[in-house]
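Now for the letters of each chain:
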Amino acid sequence: MPLTNLATLLRDMDLYISQHAIYINKLEKAIENKEPFEHKDCHHCNFGAKWDELVKPVKEQLPEDLKPYVEEIETVHCQFHDISKQIDPTQPKETDKQNFETMEDLSTKLFQDLLKLKHILKERGFLE
């Protein structure tokens, strides 16, 4: 059951990756136009809500070799949102550029970690 839940989430991974890319693009446009931006935390974006529903409840039941991947994904994802909340497009700060670049780096890391996990589950026959 735990691996099935994880596989369910990873089947829709492309959707969540594109949603994160859209989030970054919308924030970037808000910064350029000095417009308000509705930040979400790591539990209220679509990926985070689905993660909390499918993965979090079974995390302790996952095979030991997968737990570090799951922990890393959770950490990186929450860091992404925490840094995003430090950017207020209506009140630019000197740190915004660095924070935005860090968000992009964390987003890339998140995608890479998800792809690694997806590959492992494919190897184990949980995904096609």
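Below is a summary of the structure that appears in this document. Each chain carries its own residue numbering, running from 1 in the direction its sequence is written. It should be noted that, the model being predicted, local features are given only for residues of pLDDT at least 70 and side-chain atom pairs only at 80 or more, the latter also being counted only at that level, while totals for whole chains, interfaces and linings use all residues. For the side-chain quantities, the full set of heavy atoms in the structure was used; hydrogens and water were omitted.

### Structural notes on helix 1 (residues 2-11)
No. 1: For every residue, the accessible area (1.4 Å probe, protein chains only) is compared with the maximum for its type, and the residue is labelled buried under 20%, exposed over 50%, or partly exposed between those bounds. Each helix corresponds to a stretch of at least 4 residues labelled H or I by DSSP, and each strand to a stretch of at least 2 residues labelled E; elements are numbered beginning at the N terminus. Where burial is concerned, most of helix 1 is hidden: 7 out of the 10 residues are buried.
No. 2: Listed in full, the buried residues belonging to helix 1 are Pro2, Leu3, Asn5, Leu6, Ala7, Leu9 and Leu10.
No. 3: Throughout, a contact is declared for two residues whenever any of their heavy atoms are within 4.5 Å. Buried residues belonging to helix 1 abut helix 2 (13-33), helix 3 (46-54), helix 4 (67-84) and helix 5 (96-123).

### Section: a negative patch on the surface
No. 1: There is a patch of like negative charges on the surface, built from Glu28, Glu32, Glu104 and Asp105.
No. 2: Of all the elements in the fold, those that place two or more residues in the negative patch are helix 2 and helix 5.
No. 3: By the secondary structure assignment, glutamate 28 is in helix 2.
No. 4: Since its relative accessible area comes to 33%, glutamate 28 is described here as partly exposed. Patch membership requires over 30% relative accessible area and the absence of a salt bridge. Like charges are linked within 9 Å, and nonpolar side chains (Val, Leu, Ile, Met, Phe, Trp, Tyr) within 5 Å. For every accessible area listed, the method is Shrake-Rupley and the probe measures 1.4 Å; residues are considered covered only by the protein chains on display. Definition used for salt bridges: Asp or Glu carboxyl oxygen within 4 Å of a side-chain nitrogen of Lys or Arg. Residues scored as positive are Lys and Arg, those scored as negative are Asp and Glu, and His as well as the terminal groups of each chain are ignored. Note on charges: their place is set at NZ of Lys, CZ of Arg, CG of Asp or CD of Glu.

### Some points on the state of the cysteines
Think of a disulfide as a covalent bridge from one cysteine sulfur atom to another cysteine sulfur atom.
No. 1: The definition used for a disulfide is geometric: two cysteine sulfur atoms within 2.5 Å. Overall, the coordinates contain 1 disulfide when judged by the stated rule.
No. 2: Residue pairing for cysteine 42: its cysteine sulfur links by disulfide to cysteine 78, the two sulfurs lying 2.0 Å apart. Residues cysteine 42 and cysteine 78 share a disulfide whose torsion about the S-S bond is about 75°; that sign makes it right-handed. One end of the pair, cysteine 42, is in the loop between helix 2 and helix 3; the other, cysteine 78, is in helix 4, with 36 residues separating them in the sequence.
No. 3: You can call cysteine 42 buried: its relative accessible area is 7%.
No. 4: Cysteine cysteine 45 shares no disulfide, and the gap to the nearest cysteine sulfur, in cysteine 42, comes to 7.5 Å.

### Concerning the side chain of lysine 118
No. 1: Positionally, lysine 118 belongs in helix 5.
No. 2: It is aspartate 14 that comes nearest to the buried, bridge-free lysine 118 among opposite-charge side chains, at 4.6 Å.
No. 3: Beyond its immediate sequence surroundings of up to four residues, lysine 118 is in contact with Leu10, Met13 and Leu127.

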